[in-house]
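Understanding the architecture of this molecule
Residue-level listing of the chains:
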Amino acid sequence: MDSGPTASAAPSVTFSESPNANGTTIYAYINGQFAGDGKWHQDPSGAQTGDTVCAEDGTGDGYYIRAELAVGVSANTKGDPAPAVHCNTGNLPEGHTFNMRVCVVKSGPICSRWYSVTA
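Note that this is a predicted model, so its numbers are computed, not measured.

1. Digging into the environment of Arg 101
Assignment of secondary structure puts Arg 101 in strand E8 (residues 97-105). C-alpha of Arg 101 to C-alpha of Arg 113: the two residues are 12 residues apart in sequence and 6.1 Å apart in space. Setting aside anything within four residues of it in sequence, one finds Arg 101 in contact with Ile 26, Arg 66, Ala 67, Glu 68, Cys 111, Ser 112, Arg 113 and Trp 114. In this structure the side chain of Arg 101 is engaged in a polar contact, spanning 2.5 Å, whose partner is the side chain of Glu 68.

Here you go:
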């Protein structure tokens with residue numbers, strides 16, 4: 001007797017933070033493999049303006065990456081084939097601390113905890 005399709009196991013999603021001289025990167029891993037990241041740039045650097053949040057999707061795994069600040073500034077790679085990077089800026093008060101998280105999204109988001117970033 002056929003019991004129908006078997007459910008696939010939910011992916012194991014983990015996150016790690018890497019502060020740097022100009023902001024913070026939050027890496028996302030699916031089943032131990034790099035999936036993408038979110039970056040916070042507090043000051044202008046290279047092609048990035050200051051107060052910029054970026055989402056980077058590193059693999060064509062069917063998920064997209066969303067990086068967001070709790071104050072409403074966000075970026076995502078939805079609809080674009082990997083590798084993809086999207087950035088958005090917001091003019092935030094200098095010297096203030098804000099919360100940022102990264103989510104991997106397919107049918108619903110799986111998000112990191114909130115990390116502190118400084119403008």
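Moving on from the model shown.
2. Details of the state of the cysteines
Using the criterion set out here, one finds 2 disulfides in the structure. Each disulfide pairs two cysteine sulfurs, and for Cys 54 the partner residue is Cys 87, the sulfurs being separated by 2.0 Å. Every disulfide takes its handedness from the sign of the S-S torsion; for Cys 54 and Cys 87 that torsion is 110°, giving right-handed. With Cys 54 in strand E4 (residues 52-57) and Cys 87 in strand E7 (residues 84-89), this pair connects stretches of sequence that are 33 residues apart. For Cys 87, a relative accessible area of 29% translates into the label partly exposed. For the protein, numbering the cysteines in disulfides from first to last along the sequence yields the connectivity 1-2, 3-4.

3. Re unusual backbone geometry
Each neighbour pair has its own omega, and for Ala 82 with Pro 83 the value is 0°, a cis peptide bond. Here Pro 83 is to be found in the loop between strand E6 (74-76) and E7. Within the chain, Asn 31 stands out as a residue other than glycine whose phi angle is a positive 50°. On the accessibility criterion, Asn 31 (53% relative accessible area) is exposed.

4. Thoughts on the sheet that holds strand E3 (residues 33-41)
What the 5 strands build is an open sheet, ordered E1-E2-E3-E4-E7; its pairing is antiparallel. The open sheet has two edge strands, strand E1 (13-20) and E7, and neither has a second partner. Geometrically, the sheet is characterised by an average inter-axis angle of 15° between neighbouring strands, direction not taken into account. In the sheet, E1 pairs with strand E2 (residues 23-30) via 8 bridges, with the strands oriented antiparallel. Opposite Glu 17, over in E2, you have Ile 26 as the bridge partner.

5. So, the side chain of Glu 68
You can see Glu 68 is positioned in strand E5 (residues 64-69). A polar contact of 2.9 Å, which involves the side chain of Glu 68, links it to the side chain of Arg 66. The residues contacting Glu 68, other than those within four sequence positions of it, are Val 53, Val 73, Ser 74, Asn 99, Met 100, Arg 101, Cys 103 and Trp 114.

6. Examining the pattern of salt bridges
Under the defined criterion, the tally for this structure stands at 4 salt bridges. For Lys 39, the salt bridge goes to Asp 37, with nearest N and O atoms at 3.0 Å. Residue Lys 39 is classed as partly exposed on the basis of its relative accessible area, which comes to 23%. Linking Glu 68 and Arg 101 is a salt bridge whose minimum nitrogen-to-oxygen distance equals 2.5 Å. Highlighted residues: Glu 68 in strand E5 and Arg 101 in strand E8, separated in sequence by 33 residues. In this structure Glu 68 comes out as buried when scored by relative accessible area, which is 12%. Salt bridges linked by common partners bring Asp 37, Lys 39 and Glu 56 together as one network.

Cut-offs and rules
- Residues numbered from 1 in each chain as written.
- Predicted model: local features only at pLDDT ≥ 70, side-chain atom pairs only at ≥ 80, totals over all residues.
- Heavy atoms only, no water.
- Helix = DSSP H or I, 4+ residues; strand = E, 2+ residues; numbered from the N terminus.
- Contact = heavy atoms within 4.5 Å.
- Polar contact = N/O pair within 3.5 Å; in protein donor to acceptor, adjacent residues only side chain to side chain.
- Disulfide = S-S within 2.5 Å.
- Buried < 20%, exposed > 50% of the residue type's maximum accessible area, 1.4 Å probe, protein only.
- Pairing = 2+ DSSP bridges.
- Axes fitted to C-alpha atoms, helices over the stretch in contact; angles between N-to-C directions.
- Salt bridge = Lys/Arg side-chain N within 4 Å of Asp/Glu carboxyl O.

Note that every value here comes from positions in space, so none of it alone points to a role or purpose.
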